[in-house]
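The chain contents come next:
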Amino acid sequence: MKAVIVSDSHGRFGGLQEIIEREKPFDLLIHAGDIQGGTGCLEDWAECPVYAVRGNCDWSGELSQELLVPFGSHTIFLTHGHRYGVKSGIETLAMAAKEAGADIAVYGHSHIPSAEERYGVVTLNPGSVSEPRQKMRRPTYLILENRPGQKLYWEFRYME
């Protein structure tokens with residue numbers, strides 16, 4: 001099972017469309033918030049289930065603050081992260097994911113790609129596809145794969 005994970009697109013959909021076309025085929029598209037626009041085009045482009053949550057810049061009430069996403073033998077706790085203070089650390093987020101029964105937490109908000117493990121929860125931030133803040137300032141996204149009989153695999157990918 002393969003998921004494409006993005007965050008913090010802030011209304012810029014060209015990069016999202018490019019990522020979707022580049023990574024096809026995949027099983028899930030996950031957006032960790034600050035979409036600033038509808039998700040309808042994402043569903044049309046991806047041609048697979050799309051899971052998205054509301055970020056601090058998403059004013060529409062159509063999206064949930066949090067979702068639990070089944071991912072093969074894993075469960076993903078999906079949130080934007082601003083309500084968990086992720087810019088100051090991921091401990092609160094990891095504990096919330098664990099309490100919800102998830103072993104993976106996906107979040108955004110900081111615009112910085114990150115992968116860590118806390119309290120038995122893998123925390124993953126794909127960075128930002130439109131406003132990157134890490135040292136190289138390159139837009140990033142994440143590929144997450146659940147391969148039968150193998151360890152959970154993830155890889156950060158960069159856009160030009």
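Asker: What exactly am I supposed to notice about the nonpolar core here?
Answerer: Where a protein is soluble and globular, its nonpolar side chains tend to be buried together. Residues Val4, Leu29, Leu42 and Tyr141 are the most contacted members of the largest nonpolar core, which totals 20 residues. Listing elements by their share of this core, those giving two or more residues are strand E1 (2-6), helix H1 (14-23), helix H2 (40-46), strand E3 (50-52) and strand E9 (140-145). Tyr141 has contacts with Val4, Ile5, Val6, Ile19, Arg22, Glu23, Pro126, Val129, Glu155, Phe156, Arg157 and Met159, leaving out every residue within four places of it along the chain. Core analysis: the next-biggest nonpolar cluster, separate from the first, contains 17 residues, Val69, Ile76, Ile104 and Leu152 among them.

Asker: Before we go on, may I ask you to explain the sheet that holds strand E5 (residues 74-79) in this structure?
Answerer: Two pairing modes exist for strands in a sheet, parallel and antiparallel, and in both the strands are linked by backbone hydrogen bonds. The five strands lie next to each other as E4-E5-E6-E8-E7, forming an open sheet whose pairing is mixed. Each edge of the sheet is formed by a strand with only one pairing partner; in this case those strands are strand E4 (66-71) and strand E7 (114-118). Each strand of the sheet is rotated relative to its neighbour by a mean of 20°, with strand direction disregarded. Inspection of the sheet shows E7 paired to strand E8 (residues 121-125) by five bridges, in the antiparallel sense. Within E8, the position partnered with Ser114 by the bridge is Asn125.

Asker: It is not clear to me how the pairing of E9 should be interpreted in this structure. Could you clarify?
Answerer: Note on strand geometry: in a regular strand, side chains alternate between the two faces of the sheet. Counting buried positions along E9 gives six out of six residues, so the element sits mostly inside the fold. Side chains Thr140, Leu142 and Leu144 project from E9 onto one buried face, and the interleaved Tyr141, Ile143 and Glu145 project onto a second face that is buried too. As judged from the four bridges shared by E1 and E9, these two strands associate in the antiparallel manner. Pairing of Val4 across the sheet is with Ile143, part of E9.

Each value, and the rule that gives it
Residues numbered from 1 in each chain as written. Predicted model: local features only at pLDDT ≥ 70, side-chain atom pairs only at ≥ 80, totals over all residues. Heavy atoms only, no water. Core = buried A, V, L, I, M, F, W, Y, C linked by side-chain atoms within 4.5 Å. Buried < 20%, exposed > 50% of the residue type's maximum accessible area, 1.4 Å probe, protein only. Helix = DSSP H or I, 4+ residues; strand = E, 2+ residues; numbered from the N terminus. Contact = heavy atoms within 4.5 Å. Pairing = 2+ DSSP bridges. Axes fitted to C-alpha atoms, helices over the stretch in contact; angles between N-to-C directions.

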